[in-house]
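Coordinate analysis (summary)
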Amino acid sequence: MTTTTIEIGTLIDCSPEIRGGRPTIAGTAVTVRRLVSWYKLGLTPEEILNRMGHPHLDLAKVYAALTYYHANREEIETDLAQEEAEVKQFEQEWLQSKLNK
């Protein structure tokens, strides 16, 4: 039986060409932020994997994303807060445009 060892650092990528340099699951465009947002809603890694249904995603990669989050919590929390602020601003602008019609 042959075993293959995978270096955990190879499971997460950060490339300026993909998702603006946000950390992603290697070989995908799935951001760590996306998985963390589901994790913070109370989903287990297994539930996240099932919801994603991505052909290149497996449980090890979900756990790698969550490990990245816990090791770099401030970075990911800042990114999540920025996204939330952008969504709120967009919603306000959209509502204002509807009220002005």
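Above this text you will find the structure in question.
Described below are features of the structure shown in this document.

**Thoughts on the overall build of the protein**
Assigned secondary structure in the protein consists of four helices and two strands. Going from the N terminus to the C terminus, the protein shows its helices and strands as β-β-α-α-α-α. In summary, the protein has a C-alpha radius of gyration of 17 Å against a globular reference of 13 Å for 101 residues, an excess of more than 25%. Structurally, the protein occupies a C-alpha span of about 70 × 25 × 25 Å along its principal axes. Sequence-distant contacts, at least 24 apart, represent 42% of the contacts inside the protein between residues at least 6 apart. Distance between charge centres in the protein, computed from 11 positive and 15 negative side chains, equals 8 Å.

**Remarks on helix α4 (residues 73-99)**
Relative to the 39 Å expected for 27 residues at 1.5 Å per residue, α4 spans 39 Å between its end C-alpha atoms, a close match to the ideal helical length. For α4, the set of buried residues is Ile76, Asp79 and Leu80. Tucked inside the fold, the buried residues of α4 contact β2 (23-25), α1 (32-40) and α3 (59-71).

Analysis parameters
Residues numbered from 1 in each chain as written. Predicted model: local features only at pLDDT ≥ 70, side-chain atom pairs only at ≥ 80, totals over all residues. Heavy atoms only, no water. Helix = DSSP H or I, 4+ residues; strand = E, 2+ residues; numbered from the N terminus. Rg over C-alpha atoms; globule rule 2.2 N^0.38 Å. Contact = heavy atoms within 4.5 Å. Lys, Arg positive; Asp, Glu negative; His and termini not counted. Charge placed at Lys NZ, Arg CZ, Asp CG, Glu CD. Expected span 1.5 Å × (residues − 1). Buried < 20%, exposed > 50% of the residue type's maximum accessible area, 1.4 Å probe, protein only.

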